[in-house]
Every structure is written in C-alpha cells, then in structure tokens.
Amino acid sequence: MVNYIFRRIVIAFFMLIGIGIVSFIVIQLPPGDYASTYKGYLLARGATEQDATRAEELIRQQYGLDKPIVEQFIGWVKGIVTEGKFGYSFAYGKDVGVLIAERIPMTLIIAILAHAISTVVGVGLGIYVAPRKYGIADNVWAIISFVLTSVPRFSLAIIILYILVIDLKQPSVSSFFSPQFVFAGWSFAKVVDMFQHIWPVLLIAGLGGVARNMRVMRGNLLDVLGSQYVQTARSKGLKEETVILKHAVPNALHTIVAYQGTVLPYMLAGELEVAIVLGLPTLGPLFYEALVNGDIYISGSLLLIYGVLILVGNLLADIFLSVLDPRIRYS
Amino acid sequence: MSAEKSEIIASGSSLQQEMDIPLGVAQPDIAVLREVTPQFENESYSQLVWRRFRRSKVSIVGGFMVLTLVFLAIFADFFSPTTLYGVDLKASFIPPQQVHFFTDANGQFHIGPYVYNMVYTLNPTTFQVMWVEDTKKAYDIHFFVLGSEYKVLGIIPMNLHFFGVAEGGAVHILGTDKFGRDLWGKASEAGRISLTMSLFGTIISILIGSVLGVASGYYGGWIDNVLQRFTEFVTAFPSLPLFMALAALIPKTADSFTVFVLMACIFAILSWTTLAREVRGKVLSLRESDFIMAAKEMGASDSRIIFRHLYPNVLSHIIVILTLTVPAIILTESFLSFLGIGITEPLISWGLMMRNTQDIQTLGQNSWILAPIAFMVIAVLGFNFLGDGLRDAADPYAVK
C-alpha cells in the first residue's frame, strides 16, 4: 500500500509540473511580454513616457524577461518554491503570493464546507431514495436533481442577489461579515454572521453536488442491494433498516469516496461562479478581475493554485480510498 | 432468397389487411396464424433504439424541448413580432405586456387575445419613470400577420410573422432590453449562437475523443499508456478557470466569426476526455470479439477494422456523450459571455443577454431581463433528459 501511495505521489508530482507549464504558457500567451503590458498600464494611468520606460526596464531585469523561456519558467517556479513569490500584480501593487495568501483561507473554507454539506446531504438522500426505486420520492428527487444541475449557477446567484438586495434590503452582501464583526475576534456570533453571508455560495455550489452525490449513491446502493449477501441478511430475518444501514451502505460508500476527487473541481467552479456574481473577496473575483485587466501573473498563478487544489484533493481521495478499502488493486 | 423474402413480407401485409376487416369467424384463425408464423424480418438497430427510446417519457419531453428551441432559433425572425435588428431607445426596458382577453376597458368585446400599448409616465408622487398600459385603445393580437422584412435562413425574403398587432401598436410578451429590443425575439435568436457553438464544440471534442479513444483501445501498448496518462492529465486540470483564462486571451479586436470558432475550440480541448475513456473501454472489449478476429484473419487493414467495424459499434456511446456534452458547453459559454469574456456583440447568446443583470440597479428596476434564464434551463434540461433516455436506448441488446 505504501508503494501504491508513493506511486500516486510521484504521478501527482509530474502532473504538477504539467499544470505549472500550462499556467506559465497562459502567462506567456498575450502579445508582448509582461514588462510591455506594465508599461502600457502605467501610460494609461498618466505616467510619463520616460518613467514608464524606466519601470519597464526595471521589471524586465527583475523578472529576467529577456532570458530564454525555459530559464524564465525555472526562475518562476524557483521563486514560488523558495520565496513564495508568484510574480508582481500591477493592479494591486503587491506580489501575487500575498494576494493569494489573503484570499485562499476563505475560499478553501467555503469549498470544503460546500463539499461536506453536499456529500452528507447527497449520500443521505441517495440512501433514502434507493430502496424506494421508481417510487414517488425517487422520481421527485430525480427530477429535482435534474433541474438543480440544469440551472446555470451564475443565474441562481443573480436571483439570490436580487432577493437579498431588492426584496430583503440586506446590507453588506459582498463581504463575509457585517461591519460590526469585521475587526472582532472569532466568536460564535461571528461564525453565525459569516454563515449569513456565505450561505448563497454554499447553497448554489452545494446543490449541484447534492444532486451528483445522490445519483451516484443511489446507483451504488441499488447494485449492492441486489447482491447475495444482502439477500442472506434479509433471510436471517434482519429488519430492512438494519440490512440497508449496517450491511449495504458501508459497501456502497467506497465509490462515493473515490468520487470525491471529481466533486472538488465542481465545488471550486461553483464557488468561482457565485463569488464573482456576489463579489465576495475570494480567489474567484480576483481571478476574473485579473483576466479582464490583463494582470497575467495573477491569472497564471491562480490557474496553478486551482490545479494544485484539485490535484491534492484527488490524491487525498486516492490515499483515503486505499486505506479504507484493502481490496483495491495496487497495480 | 430476396424474392422469397419479399413474397413472405407481402403475404404478411395482406394478412394484416385482412385483419382490419372484421370477419368474425375468420379472425381467430388469423391470430393463430400470426402467432405461428415466425417473423422473417429482424428489427434493425435503429428500430430497436427508437422503440426503447419511445418508452421513456422523459426523453421524449427532452427531445421536444430541444426541438422547440432549435425551431425558435432557426425561425426567430418569424416568431418575433418585430424586427430583430432594430434599436429603439425610446422603447428601452418596457416590462412584459399583459395579454388580455374578452372585454377591454372601453367595453368592447374581443374574440382573441389583445394588448394595450405601454406609455411612459412619471409617478406623480415619487417621480419615478414607469410604464403603464394605455387603455384607450386595445390592439388585437393577430396570428400570421405581415410585418417587417427578413430573410429565412439568410436567403428567402419574407415578411410573415407568427403573431403581431396592427400598425401603431407593439407587443412585447417578455418585455424589452436596454436597447428596446424584444426580449422574446432576441432570446429566440440567441439560441442560434448558444446551440450551434455548443454543438460545434461538441463535434470537435468528439472527433478528438473518439480518435484518441479508438487508437488507445485498439493499438494498446505504449500508445495506450501515453494516451491514458495524457487523458488523466487533462481530466485533472481545473476546467472552468482554464476556459476563462483562454477565453480572456482572445483579442477584443477579433471579428465575430473568429471569436465563435476559437471559443468552440477552447471548449473542445477539455471536453473530450469522458468520451475518450468510454470509447477506449468499449473498443478494448470489442477488440477480442469474434467478428473483429474474423475481420483480422481475412486480412482487413487496421483502418478498415477501425472505420467499418469498430466505429459503428461505438457510435451509440458517442451520440449519448454528445447529448451530455452540449448542455455542459451551453452552461460554460453562458457564464463566460455573461462575464464579458466570451461571445461579444454583434453576436448574441443567452449568457450575453444576461450581461445587463450584472448591474444590480438595472436588474432591480427591470427584473424581466432575467428571461433568458428560462431558455437556458429549457435547453440544458432538454439535452440532459434526452441524453438520459438515449443512454438506456443506445444499447438495446443489453438484457435488463
């Protein structure tokens, strides 16, 4: 098993390099190099030609933009690994690493919360509907899950935003806390306040996850319920509840664990969409603004960060599954 | 042989004709005859699929939803009561007009539905701008009326519209947007880009996915290994952020057609992985089957085996994936266009129509501009339903 985990980590490492290369390509793709983009930005801001040219040259030297591409890439990676420097954002006047460090905790909290809620609710619903196959409850939930995954998430966010702002007249929608809690220390009231602000994201990102988890759990559980040992358990005279919850469910859960790796990207994408619409200060709006402004180091670095998050999620799911289910083949 | 067969079929059909005539005594005999007569003609694959597909009510509904949107998109000019291309800033943000029936404000009776024109007034107390119904004159909604000129499919000139009102009136059943354009007509038209782009992207992704999947499964060995690792890598990539990053790279000055093609390609490069996997699995199991072995023994070339024997057998999976990839692209495209990094004017898509809703103030006063959401939901839901039904139907030989 250790061998298997080790191999997974090695594969993940190579994937990481691949993701790094693609992110770097995204940074390099816009016409002109970063220094000339920066010069254009300064000129647009009313800087003199002289100042702008000097800044351009400074940046070019600092980031070694005149060196060959491969060397630049190695320099970029080295900066990230050794100093946590992702590159300079001209719109914020800071290193991208600082911006990411500011915003990543809340992004992760939201994504993981949404993930956890959607898993628990989705699996629960799956267990509820599977024994009622083709019954009213099953059909109703199937249709609900279809509809939930069919509504564009950003438009759901708009509708919720509309209700919050226009109908309920709720202030401070685009932040995590109400003004009185912003500088307060962590307390129960602050956590409650936070939930009052992030529930639209949790709801919208989570809903699709609920639907997916439910479908997967229902399918698995139905497969397991058809197997012979379940029949044996029933013929022993066990209550149907016991058969399902104690005998069938544990064996249907493995696939859910393996599936978690693919749900995480979905959660992050949901968080991205909703946070952009609501303007919550997470990675999503930062990424979007950077794309619009051409602040390429932010967009490239965030692409890398998203890739790493998903990679780590997949790796954890794999490792957890191998610990949980010894039957898994390590070849 | 064929003559014999056709004769039998002919006699079968004559039996059927006789069945229709109520003969009383003869009927039981025919029924027995029909039972003992073996069916000579096997149902073809497509017949089997259709039979299964028809059984699933949900997929019929889905197919109907998709067809409706396609129809609306193709004949958007016909379904829109006004021209799609005019801009009328005086008619900006008119709320959806209420359709009335029977007796109007002047006590006149109407057989069909009618509307009142909307007039622009100031609220006497708050001085807010508002549109109210002008009940002085009612306009009957007529069907199949002559109106503004347009060209069907860009070729055939026509001026027939599905519905409309007499000269001097206007009908906007979903209201108008910022530029005074009819939302119903525009949303119908927007389906053209939203649907064709997703279909185009899907077709490209299917070309990539099926070629890589078949190659991977058929050749095996190191080709399979490399392709599998590559597929895994692409799957692991965060798709939405990458779509956004690539779409934002399309220069603002590019012409509409280039933007359209580039966007479709961007969606295609990350969407092919599911298909490649499914096709590979299917090909792996088919590779060892007797009929492929037989073809190989007979000296068929690789390309013949792949295109004549393998492709037809994985086609059903490809069609299923097609119906499931299209809605995924519709959702992503609408989000990107909504953000302003996707489709841009003069092209129009559902997401782009939603762009005005980003301004909460505009949205607060004109909530009807959310109407394109309904079109998107119908499209995505329709394709999902369709795909779900097709998945069961595509493999009619499977024993349930």
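Residues numbered from 1 in each chain as written. Chains lettered and ligands numbered in written order. Predicted model: local features only at pLDDT ≥ 70, side-chain atom pairs only at ≥ 80, totals over all residues.

**Q** Is there a simple way to explain the overall build of chain B in this structure?
**A** In terms of helices and strands, chain B carries 15 helices and five strands. In chain B, which comprises 400 residues, the share counted as buried stands at 36%. The contacts in chain B between residues at least 6 apart in sequence include a share of 71% that link residues at least 24 apart. (Helix = DSSP H or I, 4+ residues; strand = E, 2+ residues; numbered from the N terminus. Buried ≥ 20, exposed ≤ 12 C-beta atoms within 10 Å, placed from the backbone. Contact = placed C-beta atoms within 7 Å.)

**Q** Is there a simple way to think about the nonpolar core in this case?
**A** Nonpolar side chains tend to gather and get buried jointly when the protein is soluble and globular. Counting residues in each nonpolar core, the largest one holds 150 residues, and the members touching the most others are Ala157, Val201 and Leu268 of chain A together with Ala187, Phe243, Met244 and Ala247 of chain B. With 18 residues, the top contributor of residues to this core is helix α10 (residues 240-278) of chain A. Those residues in contact with Leu268 of chain A that lie beyond four places of it in its chain are Ala111, Tyr306, Leu309 and Ile310 of chain A together with Pro238 of chain B. One finds Tyr114, Val115, Ala138 and Tyr139 of chain B within the second-largest nonpolar core, a separate group that totals eight residues. (Core = buried A, V, L, I, M, F, W, Y, C linked by C-beta atoms within 7 Å.)

**Q** Mind showing me how you'd approach the interface of chain A and chain B here?
**A** Reports often express the size of an interface as the amount of accessible area lost when the parts come together. At the interface, 35 residues of chain A touch 31 residues of chain B. Among the secondary structure elements, those contributing two or more residues to the side of chain A that touches chain B are α1 (2-28), α6 (136-150), α7 (153-167), α10, α11 (283-293) and α12 (296-324) of chain A. Of the residues forming the side of chain A that touches chain B, the biggest block, eight residues, is contributed by α12 of chain A. Grouping the amino acids of the side of chain A that touches chain B by side-chain chemistry returns 28 nonpolar, six polar and one charged. (Nonpolar A, V, L, I, M, F, W, Y, C, P; charged D, E, K, R; others polar.)

**Q** Explain the sheet that holds strand β1 (residues 100-103) of chain B here, please?
**A** What links the strands of a sheet is backbone hydrogen bonding, and the strands pair in either a parallel or an antiparallel sense. All names here are of chain B. If you trace the three strands from one edge of the open sheet to the other, you get β1-β2-β3, paired in antiparallel fashion. Looking at which strands have only one partner, the edges of the open sheet turn out to be β1 and β3 (129-140). Each strand of the sheet is rotated relative to its neighbour by a mean of 45 degrees, with strand direction disregarded. Of the strand pairs in this sheet, β1 and strand β2 (residues 109-122) are connected by three bridges, and their pairing is antiparallel. Bridging across to β2, Phe102 finds its partner in His110. (Pairing = 2+ DSSP bridges. Axes fitted to C-alpha atoms, helices over the stretch in contact; angles between N-to-C directions.)

**Q** What is the right way to look at the packing of α7 of chain A against α10 of chain A in this model?
**A** All names here are of chain A. At a minimum axis distance of 9 Å, the contact between α7 and α10 shows a crossing angle of 35 degrees. α7 and α10 meet at a crossing whose hand is right-handed. Counted together, Arg153, Phe154, Ala157, Ile158 and Leu161 of α7 and Gly270, Glu273, Val274, Val277 and Leu278 of α10 form the full contact between these two elements. A breakdown of the residues in the contact of α7 with α10 according to their chemical character gives seven nonpolar, one polar and two charged. (Left-handed = near helix turned anticlockwise from the far one by under 90°.)

**Q** Sorry if this is basic, but what is going on with unusual backbone geometry here?
**A** Apart from glycine, the bulk of residues carry a negative phi angle, and the bulk of peptide bonds sit in the trans form. In the Ramachandran plot, Tyr134 of chain A falls in the positive-phi region, its phi being about 60 degrees despite a non-glycine side chain. The class for Tyr134 of chain A is exposed, based on 8 C-beta atoms found within 10 Å.

**Q** Any chance you could explain α11 of chain A here in plain terms?
**A** An α-helical turn contains 3.6 residues, so a residue and the one three or four places further along point in the same direction. Within the sequence span of α11 of chain A, burial applies to Leu283, Gly284, Leu286, Phe287, Tyr288, Ala290 and Leu291 of chain A. Contact partners of the buried residues in α11 of chain A: α5 (96-129), α10 and α12 of chain A together with α8 (239-249) and α12 (302-339) of chain B. Positioned one or two residues after α11 of chain A, Gly294 of chain A has a phi angle of 70 degrees, which is positive.

**Q** Mind showing me how you'd approach the confidence of the model for chain A here?
**A** Should the pLDDT be low somewhere, the predicted coordinates at that spot are not to be read in detail. Residues of chain A with pLDDT of at least 70 account for 97%, and the chain-wide mean is 82. Within chain A, helix α2 (residues 34-44) of chain A has the poorest average pLDDT of any element, 76, and helix α9 (residues 228-235) of chain A the best, 88. (pLDDT = per-residue confidence, 0-100.)

**Q** Can you walk me through α8 of chain B in this structure?
**A** Of all 11 residues in α8 of chain B, 10 are buried; the element is thus mostly enclosed. Buried-residue contacts for α8 of chain B involve α1, α10, α11 and α12 of chain A together with α9 (256-271) and α12 of chain B.

**Q** Looking at this structure, how should I read the pairing of strand β5 (residues 156-164) of chain B?
**A** Within a regular strand, the side chains alternate between the two sheet faces. Residues and elements named next belong to chain B. Pairing of strand β4 (residues 142-152) with β5 involves seven bridges; the strand directions are antiparallel. Looking at the pairing, Leu146 lines up with Leu160 of β5. The loop that links β4 with its antiparallel partner β5 comprises three residues; one of these, Leu153, has a positive phi angle of about 55 degrees.

**Q** So what exactly am I meant to see when it comes to the environment of Val145 of chain B here?
**A** All names here are of chain B. Relative to the helices and strands, Val145 resides in strand β4. Counting along the chain gives 135 residues from Val145 to Arg280, while the straight-line C-alpha distance between them is 54 Å. The residues touching Val145, leaving out its near neighbours within four places in the chain, are His161, Phe163 and Gly164.

**Q** Quick question: what am I supposed to make of the pairing of β2 of chain B here?
**A** Residues and elements named next belong to chain B. Linking two consecutive strands that pair antiparallel, namely β1 and β2, is a turn of five residues; a positive phi of about 80 degrees is found at Gly107 within it. Of the strand pairs in this sheet, β2 and β3 are connected by nine bridges, and their pairing is antiparallel. Counterpart to Thr121 in the pairing with β3 is Met130. Hairpin connection from β2 to β3: six residues lie between these consecutive antiparallel strands, with Phe127 at a positive phi of about 60 degrees.

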